[in-house]
Amino acid sequence: MKNIMLKKYIYTCLLAVSAFFTTSCSKEDLGNYNYHEINEAKFSDLNGTISVDMLSSLKITPKVAFTQDSAIVDPSRYAYEWSYLTNDPSPIKTIIGTSKDLDFFVTLNPGTYATSYKIKDNVTGVEFLKRFNVTVKTANMEGWLLMTEVNGKARFDMISFNYVKPTFTFDHISTDLFGQANKGIQLQGKPKMIYSYDCGALKGYGINLPWAIYLGTNQSTDRVNQDNFTWKPEYNIRYENLNRLGLPNDYRADLIKRVYGSTLSGSTCYTITSAGDLYMTAVTPANKYGVELNVDANNVKYKVAPFIGAYENAIAAPNATTTCYFYDITNKRFMKQTSPSFGMTTVADPPTGNAAKPFLFSFTNTGMDMLYMNANKTEVFAIFKNRETNKCYWASWVTKTEVQTAFQEIVAPEFDKAENFAVSNLTKYLFYSVGGKVYMYKPGTSFATASSKLVWDYGSANVSAMKFQIYYYNFQKYPDTETDKLVVCSYDPALPEGQNGKLEKFDIQAGGAGLTQVPNYTFTGFGKVQSFTYRERK
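Since the structure is predicted, the reported quantities are computational estimates derived from the model, not experimental observations.

(A) Summary view of the overall build of the chain. The number of helices and strands found in the chain is two helices and 34 strands. Scored against the burial criterion, the 538 residues of the chain give a buried share of 48%. The contacts in the chain between residues at least 6 apart in sequence include a share of 54% that link residues at least 24 apart. Summed over its atoms, the accessible surface of the chain is roughly 26000 Å², and 53% of this surface lies on carbon and sulfur atoms.

Take a look at the structure:
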């Protein structure tokens, strides 16, 4: 009992002492503090969301007033910081500016980013933060990708479109997209080729980009990001090859082409290099470029011409096939491959005396050089030149059965000077250009029924490239009839370099009477186009 009473006494004393000191301190501190208003930043904008196109400059001049400064007399008094958070599971802060105003070239992928503007008063050490959102839109959703030549060097330009069902509307023209996206890094060499296709998700070794855009020059072939066109050294096509370290120093592509759509082991694609080597890859079973296909049964290499006799899209029955045709430059013969087998075999000559399978020319020894080869859904078309006689020939055969359908000398104006070729996918008419003139050649069923005529004349301008574009997706957007419109690129040497290119689209008149310009489909203001392809969106 004594212990309990003692504890109560001690506890009561401690409470009394504590109250005494608390009251004393409160009385002594009264009136000892001076309160001052800080120099506060007042933001009158940067509210909500700001939208900006990818590959354009985000420029912001914020409206900021300081409560104690009518004007900033000493700019060094304030420090500024603009930053955004990456859209990752663990967001990372990235600083994009340290000046009062922001001027930031946007290479971010499409999306909305949490963004901040911070001002620090270096005198007081006080910081003010304004948060807002920036939404990055894809300025170059779809359209014509152009590999152009400007002052003898390659440049990547684009004609962009918007699609609002059921029509396309022109959006804008962008020039030097590679240089803009990669902070001044420029493509090296002269333009060679450009190609785009849905390569699918990466499986294992390779370049981890789901859509392939290839930019090729006479020095290098590289891929770029499919949305913002940024590049890394590991986007070089060497990194798609399992034998990367064993490739020659000048390994680059003359031709890249997808074949038969998604029916052939996913998106099967071939590359023919500047050295005439042939490689193949496919999404399924995840084959990578690596095995050279241009090797015969005796393990002897031969060179392959930069053409592929195969349609780019899937072909429905009864014409469905997976055979691709190639031309052996070394032995002047046709070779073929049916994927995903890696083997190449010689195309056999048809037997003589068989009316159902006539012998019009030799597959195994043409004795001529190939100028051009392509295919539509049913046939392969090839153009040859006999170097001894300087005569040119047209040949065709059915893809599925290898029945030869034509072989005839081409007698047409200035054909020996032809620079560009394109074969209509539906009418099978051959178009070729010489300088600024575009001619049409109708093979007919025989030499006697063939005909040719001038269908367009650009005068002092020159044709630099032309083709019939094959589209992969959504036949409501890209019906078969679109694949039979001739797209011609020309340039006027009298206009300023880098702005003198032109792209136009033409309809083929009934019966091959001529060409008619597609209304509102003439675009200018870019470089001299050497190669072009259409970037689609699903």
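Having put the structure on the table, let's press on.
(B) Structural context of empty space enclosed by the protein. Counted under the stated rule, the structure contains five cavities of 30 Å³ or more. Counted as a void, the second largest cavity has a volume near 60 Å³. Forming the boundary of the second largest cavity are Leu-58, Tyr-84, Ile-96, Phe-104, Val-106, Leu-108, Tyr-113, Thr-115, Val-134 and Val-136. Residue assignment for the lining of the second largest cavity shows that the elements contributing at least two residues are strand S8 (111-121) and strand S9 (127-137).

(C) The arrangement of the layout of surface pockets in detail. Estimates place the volume of the largest pocket at around 1100 Å³. For the largest pocket, the lining is made up of 37 residues, of which Leu-255, Phe-307, Tyr-372, Phe-421 and Met-466 are closest to its centre. When residues of the lining of the largest pocket are traced back to their parent elements, those giving at least two are strand S13 (191-197), strand S16 (253-258), strand S22 (369-375), strand S26 (420-423), strand S30 (462-468) and strand S34 (528-535). Here the residues of the lining of the largest pocket are counted per class, giving 23 nonpolar, eight polar and six charged.

(D) Here's a closer look at the side chain of Asn-425. Tracing the backbone through its elements, the reader meets Asn-425 in the loop between S26 and strand S27 (430-434). Its relative accessible area of 11% is what places Asn-425 among the buried residues. With sequence-adjacent residues up to four places away left out, Asn-425 is seen in contact with Tyr-311, Ala-375, Asn-376, Phe-468, Ile-470, Thr-483 and Asp-484.

(E) Layout of the sheet that holds strand S2 (residues 49-53). Reading across from one edge, S2-S9-S8-S5-S6 is the order of the five strands in this open sheet, with mixed pairing throughout. Of all the strands in the sheet, the pair left with one neighbour each is S2 and strand S6 (93-97). Pairwise comparison of adjacent strand axes, ignoring direction, gives a mean angle of 35 degrees for this sheet. Where S2 and S9 come together, five bridges link them in parallel fashion. The partner of Asp-53 across the bridge, within S9, is Lys-137.

(F) Just the environment of Phe-307, in detail. As for its placement among the helices and strands, Phe-307 is situated in the loop between strand S18 (278-281) and strand S19 (323-328). Residue class for Phe-307 comes out buried when judged on its relative accessible area of 17%. Once residues within four sequence positions are removed from consideration, Phe-307 is found in contact with Leu-255, Ile-272, Tyr-325, Phe-326, Met-370, Leu-371, Tyr-372 and Met-373.

(G) Region of the structure containing the sheet that holds strand S29 (residues 451-457). Pairing is antiparallel across the open sheet formed by four strands, whose spatial order is S26-S27-S28-S29. With partners counted over all chains shown, the strands left at the sheet margins are S26 and S29, one partner each. Neighbour-to-neighbour, the strand axes of this sheet turn through a mean angle of 25 degrees, independent of strand direction. In this sheet, strand S28 (residues 437-442) lies alongside S27 in antiparallel orientation, the contact comprising five bridges. Looking across to S28, one finds that Val-434 is bridged to Lys-437.

(H) Structural view of the nonpolar core. Of all hydrophobic cores here, the largest spans 55 residues; its most connected members are Trp-82, Val-136, Phe-156, Tyr-197, Leu-215 and Phe-229. In this structure, Leu-215 is in contact with Met-147, Phe-156, Phe-178, Leu-187, Met-193, Ile-194, Ser-220, Thr-221, Asp-222 and Val-224, ignoring residues within four places of it in sequence. Counting 35 residues, the second-largest nonpolar core is a separate cluster that includes Tyr-327, Val-380, Ala-395 and Tyr-432.

(I) Structural detail: the pairing of strand S32 (residues 501-508). With six of eight residues buried, S32 lies mostly within the body of the structure. Note that S32 and strand S33 (residues 515-526) share seven bridges and pair antiparallel. Note on S33: the bridge partner recorded for Ile-508 is Leu-515. Between S32 and S33, which pair antiparallel in sequence order, lie six residues; one of them, Gly-511, sits at a positive phi of approximately 70 degrees.

(J) The packing of aromatic side chains, seen in detail. Counted according to the given criterion, the structure contains 40 aromatic pairs. Seen in terms of ring centroids, Trp-82 and Tyr-117 are 3.9 Å apart; in terms of plane orientation they differ by 20 degrees. Their pairing is stacked. Of this pair, Trp-82 sits in strand S5 (residues 78-85) while Tyr-117 sits in strand S8; the two residues are 35 residues apart in sequence, bridging distant segments of the chain. The class for Tyr-117 is buried, based on a relative accessible area of 0%. Seen in terms of ring centroids, Phe-334 and Trp-397 are 4.9 Å apart; in terms of plane orientation they differ by 70 degrees. Their pairing is edge-to-face. In this pair, Phe-334 sits in strand S20 (residues 333-338) while Trp-397 sits in strand S24 (residues 392-398), placing the two residues 63 residues apart along the sequence. Phe-334 gets classed as buried once you look at its relative accessible area, which sits at 0%. Members of the aromatic cluster, each reached through a chain of ring pairs, are Trp-144, Phe-161, Phe-170, Tyr-471, Tyr-478, Tyr-521, Phe-523, Phe-532 and Tyr-534. Over the ring of Phe-532 we find Lys-467, and its NZ or CZ is 5.4 Å from the ring centre.

(K) Just the pairing of S13, in detail. Counting buried positions along S13 yields six of seven residues, so the element is predominantly enclosed. Relative to strand S14 (residues 212-217), S13 runs antiparallel, the two sharing six bridges. Opposite Ser-196, over in S14, you have Ile-213 as the bridge partner.

Reading guide: rules and limits
- Residues numbered from 1 in each chain as written.
- Predicted model: local features only at pLDDT ≥ 70, side-chain atom pairs only at ≥ 80, totals over all residues.
- Heavy atoms only, no water.
- Helix = DSSP H or I, 4+ residues; strand = E, 2+ residues; numbered from the N terminus.
- Buried < 20%, exposed > 50% of the residue type's maximum accessible area, 1.4 Å probe, protein only.
- Contact = heavy atoms within 4.5 Å.
- Areas by Shrake-Rupley, 256 points an atom, 1.4 Å probe, with all protein chains shown as cover.
- 1 Å grid on protein atoms, 1.4 Å probe; cavity = no way out; pocket = protein on both sides within 12 Å on 5 of 7 lines; lining within 4 Å.
- Points joined across faces, edges and corners; volume = space filled by probe spheres on them.
- Nonpolar A, V, L, I, M, F, W, Y, C, P; charged D, E, K, R; others polar.
- Pairing = 2+ DSSP bridges.
- Axes fitted to C-alpha atoms, helices over the stretch in contact; angles between N-to-C directions.
- Core = buried A, V, L, I, M, F, W, Y, C linked by side-chain atoms within 4.5 Å.
- Phe/Tyr/Trp six-rings, centres within 6.5 Å; stacked < 30°, edge-to-face > 60°.
- Lys NZ or Arg CZ within 6 Å of the ring centre and 35° of its normal.

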